[in-house]
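One-letter residues, chain by chain:
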Amino acid sequence: MSDEPDAGEASPDEATRRDDAESESETRNDAGTAAESDRGHDSNAGATVGEYDWEAFEREFFYEDGGPPTNWRGKPYSFDAEEYLGHDPADTPDRIGDAAETAAGLATYFESFLDPEETPVERGEYLWEHFRYEYYYDRSDDGVEHPRDDEGDVVAFDRAEWLGHDDFPASVFEGGFAVTDLSADFEEWLDPATTPVTKGEYYWEHFKYEYYYEDTSVTAPERPRDDDGEIERFDESEWLGFPEDDLEFLLADGAAKAEKLLEVEDERTLDVPEELDEDEFFSTVEGHTTVVNRYDLEKEVALPKKQHFREVDRYWVNKPFSFVVIFHSEKENETKYYAVEPYRTPIEDDLTEFLTGKLRASIKYSSDDVVVEAAEEERAGVIEREALELLARYDLYAENDGERAAQLRSALARYDETKETVTEFLDRIRVETDAAIEPLRESYRERMAERADDKPSKADTENAETEGAEPDSTPAACRGRAGPAAAAATQGGEPVGRPPVSPPGGAGGGRAPAAARRDRGRRAGRRGRRSSR
């Protein structure tokens, strides 16, 4: 038979421990009951430091039916605080200290996270806690805290009170429709075709819509972005060419200068009757501007006379080449008659006089019968023909000038297109060529670096000259790696095929290689000077 107890029985030691635990539990229970009766403990009270202890915790979470739980034999289980805490109760002070330091660091981070100056009011960035920190919490010397009413109770934060509605999804849905309608009205308001560039009607938003925003095929115009995806901010001074704060001063200055310019214009130009429409007067039937116009009229009348001339009438005598203007001089009390033709510069006057003399001579000797006896149409044809021939003689006119001009414009347009295509092709070839040659450049630089490392130093060369032997110019990378072939090719320490080097002052009076090279250089220099003479 086995000495071990049955499954339903306990060993003497275990029974003793259980009895002690039961006695200790009963003692604690009695003490806790007494303490509760003394201070009137409320089991529903909150867990407050100094009032809530392990005994209250046992009664709230460990006890069953007013007492500790028992096994099937009615023995109570002992309360294990470490099982509920997850750590040794003796470590609680250290853990509280660490938690306090972490909480202090977290509070600092939370304060910086809630800083309104560092948080833009954007979706995903500005949260409800940012809003509460900015508008709901009360600030004091100890920090921020929940607001309280007159009775000291905390005023709960109600989103509906701040939003103005309860059903947030429905409000967002309705707001979406409102935004759609507002967007359509806003697009119509921004239309450049219906908004004149006038003070009080044309705003910065009109300007940005026309010149700053980028069109998209999916959404409304968006702000431009750089190659890194960052938004390029709109800078008013960059578009204005001066700080925006100077705009008011510059406009006032411009208005003053405009008034002064109007005074100058009034002094230096003729007065036009209010009932006269000059745009219509200086327009052809097809809607083009006539050859002679207001500019020629201003050039025809001298500047001093413009102050006292008052226009009486004007009419065409050969539209669109010349017209007549009748003025009344208030200073002289006379009527002045001006025939206005296209204004010519001194060079144009000389050219006109020269060509007129040549034309008269060519018409005179062309055909006397036509000039004298022909009808007016025939004589006009002769004048036109001789004038064209005269202009062609001086390369001023060709019969098909219009067609040639059109061909030239077409050729220039094709040249511009071809130039752009060739420029793009050359740029692409240049980039591809640089990318292809770069490995060769790297290889060349590495090879030059190796040669620089393998080149013997000045000290090695001087030592070799001192010893009477030529410096070893074998690359360092090849030294010691020639193997048997190099050993077989040397005899007595000298390579085969190379004459032995005589030591300085040795047999035959041989010199050091450096001295011999200097002598050869001197002799070559003397021969060169003699040949130059």
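These numbers come from a predicted model, not from an experiment.

**Q** Would you take a moment to explain the overall build of the protein for this structure?
**A** Each helix and strand counted, the protein has 19 helices and seven strands in total. Residues classed as buried in the protein amount to 15% of the 533 residues present. Counting contacts in the protein only where the partners sit at least 6 residues apart, residues at least 24 apart contribute 35% of the total.

**Q** What am I meant to see in the pattern of salt bridges here?
**A** Proximity of charged atoms lets side chains of opposite charge pair with each other. Summed over the entire model, instances satisfying the criterion amount to 18 salt bridges. The partner of Lys-208 in a salt bridge is Glu-205, and the shortest N-O contact between them spans 3.6 Å. One end of the pair, Lys-208, and the other, Glu-205, are both in helix α8 (residues 204-212), three residues apart, so they sit about a helical turn from each other. The salt bridge involving Arg-385 is made with Glu-386; its shortest N-O contact spans 3.6 Å. Take Arg-385: its relative accessible area is 39%, and that puts it in the partly exposed class. Relative accessible area serves as the criterion here: at 10%, Glu-386 is assigned to the buried category. Look at the salt bridges and you will find they share partners, linking Glu-278, Arg-294, Glu-298, Lys-306, Glu-311 and Arg-314 into a network.

**Q** Got a minute to help me understand the packing of aromatic side chains in this structure?
**A** The way to describe two aromatic rings as a pair is by their centre distance and the angle between their planes. All chains considered together, the criterion is met by 38 aromatic pairs. For the pair Trp-128 and Phe-131, a centre-to-centre distance of 5.7 Å together with 85° between the ring planes defines the contact as edge-to-face. Taken together, the positions of Trp-128 and Phe-131, both in helix α5 (residues 128-136) and three residues apart, correspond to about one turn of that helix. Judged by relative accessible area, Trp-128 falls into the partly exposed class, the value being 27%. Classification of Phe-131 as buried rests on a relative accessible area of 19%. Each residue in the set Trp-54, Phe-57, Phe-61, Phe-62, Tyr-63, Phe-79 and Tyr-84 is aromatic and connected to the rest through ring pairs, giving one cluster.

**Q** How should a negative patch on the surface be read in this particular structure?
**A** Residues Glu-214, Asp-215, Glu-222, Asp-226, Asp-227, Asp-228, Glu-230, Glu-232, Asp-235 and Glu-238 make up a contiguous surface patch of negative charge. With respect to the helices and strands, Glu-232 occurs in the loop between α8 and α9 (236-240).

**Q** Help me understand the pairing of strand β4 (residues 322-329), please; the structure alone is not making it clear to me.
**A** Side chains on a regular strand alternate between the two faces of the sheet. Of all eight residues in β4, seven are buried, a share of seventy percent or more. For strand β3 (residues 309-318) and β4, the ladder comprises eight bridges, and the chain directions are antiparallel. Directly across from Arg-314, in β4, lies its bridge partner Val-325. Relative to strand β5 (residues 334-340), β4 runs antiparallel, the two sharing seven bridges. Bridging from a neighbouring strand, Phe-327 pairs with Lys-336 of β5. In this structure, the hairpin formed by β4 and β5 is closed by a connection of four residues, where Asn-333 is found at a positive phi of approximately 55°.

**Q** For this particular structure, what's the right way to read the confidence of the model for the protein?
**A** Detailed reading of the predicted model is not advised wherever pLDDT is low. On average, the protein scores 77 in pLDDT, and the residues at 70 or more come to 72%. Ranking the helices and strands of the protein by mean pLDDT puts β4 first, with 96, and helix α18 (residues 484-488) last, with 43. Low pLDDT, under 50, characterises residues 1-43; the stretch is placed with 22 contacts to residues that sit more than four places away or in other chains. Residue range residues 529-533 is modelled with pLDDT below 50. Its contacts to residues more than four positions away, or to other chains, number zero contacts.

**Q** What am I meant to see in the nonpolar core here?
**A** Nonpolar side chains in soluble globular proteins generally cluster together in the buried interior. In terms of nonpolar packing, the biggest core is built from 13 residues, with Leu-297, Phe-323 and Phe-327 touching the most fellow members. When residues of this core are traced back to their parent elements, those giving at least two are β3, β4 and β5. With three residues, the top contributor of residues to this core is β4. When neighbours within four sequence positions are excluded, Leu-297 is seen to be in contact with Leu-270, Arg-314, Phe-323, Val-325, Phe-327 and Val-340. The next biggest cluster of nonpolar side chains, apart from the first, holds seven residues, and it includes Tyr-126, Phe-131, Tyr-136 and Tyr-137.

**Q** Please explain a nonpolar patch on the surface as it appears in this structure.
**A** Together, Leu-351, Phe-354, Leu-388, Tyr-394, Leu-396 and Tyr-397 give the surface a local cluster of nonpolar side chains, amounting to about 520 Å² of exposed area. Among the structural elements, Leu-388 can be located in helix α15 (residues 376-393). Residue Leu-388 is classed as partly exposed on the basis of its relative accessible area of 31%.

**Q** How should the sheet that holds β4 be read in this particular structure?
**A** Within a sheet, neighbouring strands are paired by backbone hydrogen bonds and run either parallel or antiparallel to one another. Here we have three strands laid out as an open sheet, ordered β3-β4-β5, and antiparallel in their pairing. Lying at the two open borders of the sheet, with one neighbouring strand each, are β3 and β5. In this sheet, neighbouring strand axes are inclined to one another by 20° on average, regardless of whether the strands run parallel or antiparallel.

**Q** Quick question: what am I supposed to make of unusual backbone geometry here?
**A** As a rule of thumb, non-glycine residues mostly have phi less than zero, and peptide bonds are mostly trans rather than cis. The omega torsion of the bond from Lys-319 to Pro-320 falls at 10°, within 30 degrees of zero and hence cis. Examined against the element boundaries, Pro-320 turns out to sit in the loop between β3 and β4. A positive phi is found at Asp-65, a non-glycine position, where the angle reads about 60°. If you check the backbone angles, Asn-333 has positive phi at about 55° while not being a glycine. Along the polypeptide, Asn-333 turns up in the loop between β4 and β5. Residue class for Asn-333 comes out exposed when judged on its relative accessible area of 59%.

**Q** Help me understand the packing of helix α13 (residues 346-364) against α15, please; the structure alone is not making it clear to me.
**A** In a pair of packed helices, the angle between the axes and the distance between the axes together describe the arrangement. Where α13 meets α15, the axes come as close as 10 Å, and the angle between the chain directions of the two elements is 125°. Relative to α15, α13 is oriented oblique. The interaxial crossing formed by α13 with α15 has right-handed handedness. Here Leu-355, Lys-358, Leu-359, Ser-362 and Ile-363 of α13 come into contact with α15, specifically with Ile-383, Glu-386, Ala-387, Leu-390 and Leu-391. Considered class by class, the residues forming the contact of α13 with α15 number seven nonpolar, one polar and two charged.

Rules used throughout
Residues numbered from 1 in each chain as written. Predicted model: local features only at pLDDT ≥ 70, side-chain atom pairs only at ≥ 80, totals over all residues. Heavy atoms only, no water. Helix = DSSP H or I, 4+ residues; strand = E, 2+ residues; numbered from the N terminus. Buried < 20%, exposed > 50% of the residue type's maximum accessible area, 1.4 Å probe, protein only. Contact = heavy atoms within 4.5 Å. Salt bridge = Lys/Arg side-chain N within 4 Å of Asp/Glu carboxyl O. Phe/Tyr/Trp six-rings, centres within 6.5 Å; stacked < 30°, edge-to-face > 60°. Patch = residues over 30% accessible without salt bridge, like charges linked within 9 Å, V, L, I, M, F, W, Y side chains within 5 Å. Areas by Shrake-Rupley, 256 points an atom, 1.4 Å probe, with all protein chains shown as cover. Lys, Arg positive; Asp, Glu negative; His and termini not counted. Charge placed at Lys NZ, Arg CZ, Asp CG, Glu CD. Pairing = 2+ DSSP bridges. pLDDT = per-residue confidence, 0-100. Core = buried A, V, L, I, M, F, W, Y, C linked by side-chain atoms within 4.5 Å. Axes fitted to C-alpha atoms, helices over the stretch in contact; angles between N-to-C directions. Parallel < 35°, antiparallel > 145°, perpendicular 65-115°, else oblique. Left-handed = near helix turned anticlockwise from the far one by under 90°. Nonpolar A, V, L, I, M, F, W, Y, C, P; charged D, E, K, R; others polar.

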